[in-house]
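Summary of structural features
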Amino acid sequence: AELAIGLMIAAMRQIPALDREVKLGRWPTPMTFVLRGKTLGIVGLGHVGRYVAKIAKAFEMNVLAWGPRLTQEAAASAGTESRELDDLLRSSDIVSVHATLSQESRGLIDARRLGLMKPTAYLINTARGPIVDEPALCAALVNGKIAGAGLDVFDAEPLPPAHPLSKLPNVVLTPHIGWPTDEMYRQFADAAADALLGYLDGKDVARFVARH
């Protein structure tokens, strides 16, 4: 969730590009975009999506949400407004993908749906690459159909050399770093220790690991 917010800020404030410029001795001052007052559309309001919504509200953003089984009540409990996916895409300044990858969600954000987004909008994907049609996204970015993107996941990982996304100035890329964090490694270590202790106590470790 924090990485998704970070990618929004990095892409909209052009942080990576401006970092390179300053290090080269230049001092550009382009107009950039803030999160405050913008509309965020969350695609997939699960555990991560709900936390993104919580952070976004602290930025005074208007938050919309879509999920295949999302109810109005569940959306409201997360401080969001439930919308149909096409309507969410039309209405959002930033679209952040947090759906799980399945046959239902593969290619969910395709060329048609990218075409519904505002030309000033940004797409953030920290979920799974194939949820977004990657060639269609490249075309939308090249042709100015959307303003930019922040991506942590891709169809093929590592990203192949000379991939079109790596050449676009309006894209911020990270190497699938959403999960390797200090918090997550502590959880892995705790789960491993619990499994070992369970084994020593004669518990069914396979069943224990499956639960954790």
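Coordinates for the structure precede this section.
Predicted model only: the values in this text are computed from it and were never measured.

Conventions used here
Residues numbered from 1 in each chain as written. Predicted model: local features only at pLDDT ≥ 70, side-chain atom pairs only at ≥ 80, totals over all residues. Heavy atoms only, no water. Helix = DSSP H or I, 4+ residues; strand = E, 2+ residues; numbered from the N terminus. Buried < 20%, exposed > 50% of the residue type's maximum accessible area, 1.4 Å probe, protein only. Lys, Arg positive; Asp, Glu negative; His and termini not counted. Salt bridge = Lys/Arg side-chain N within 4 Å of Asp/Glu carboxyl O. Polar contact = N/O pair within 3.5 Å; in protein donor to acceptor, adjacent residues only side chain to side chain. Contact = heavy atoms within 4.5 Å. 1 Å grid on protein atoms, 1.4 Å probe; cavity = no way out; pocket = protein on both sides within 12 Å on 5 of 7 lines; lining within 4 Å. Points joined across faces, edges and corners; volume = space filled by probe spheres on them. Nonpolar A, V, L, I, M, F, W, Y, C, P; charged D, E, K, R; others polar. Pairing = 2+ DSSP bridges.

**Observations regarding the side chain of Asp 152**
Assignment of secondary structure puts Asp 152 in the loop between strand 6 (148-151) and strand 7 (171-173). The buried charged residue Asp 152 lacks any salt bridge partner; its closest oppositely charged side chain belongs to Arg 128, at an N-O distance of 7.5 Å. Separated by 2.7 Å, the side chain of Asp 152 and the backbone nitrogen of Ile 177 make a polar contact. Leave out the neighbours within four places in its chain, and Asp 152 touches Leu 3, Leu 7, Asn 125, Thr 126, Glu 157, Thr 174, Pro 175, His 176, Ile 177 and Gly 178.

**Topic: the layout of surface pockets**
Empty pockets left among the atoms are what a rolling probe the size of a water molecule brings to light. Computed from the structure, the largest pocket encloses a volume of approximately 1,100 Å³. Around the largest pocket, the lining is made up of 37 residues, and of these Ala 1, His 47, Val 48, Gly 49 and His 98 lie nearest the centre. Elements represented by at least two residues in the lining of the largest pocket include exactly helix 1 (2-12), helix 3 (47-58) and helix 8 (182-200). Split by residue class, the lining of the largest pocket holds 16 nonpolar, 14 polar and seven charged. The computed volume of the second largest pocket comes to approximately 220 Å³. Taken together, 14 residues line the second largest pocket, and the ones lying closest to its centre are Ala 17, Pro 169, Asn 170, Val 171 and Val 172.

**Some thoughts on the sheet that holds strand 1 (residues 39-43)**
Pairing between the strands of a sheet comes from backbone hydrogen bonds, and it takes one of two forms, parallel or antiparallel. Taken in spatial order, the seven strands of this open sheet run 3-2-1-4-5-6-7, and their pairing is parallel. Of all the strands in the sheet, the pair left with one neighbour each is strand 3 (81-82) and strand 7. Sheet topology places strand 6 next to strand 7; three bridges connect them, and they run parallel. Bridging across to strand 7, Leu 151 finds its partner in Leu 173.

**Focus: empty space enclosed by the protein**
Within the structure shown, the criterion is met by one cavity of 30 Å³ or more. Taken as a whole, the largest cavity spans an internal volume of roughly 50 Å³. Its residues assigned to classes, the lining of the largest cavity shows six nonpolar, two polar and one charged.

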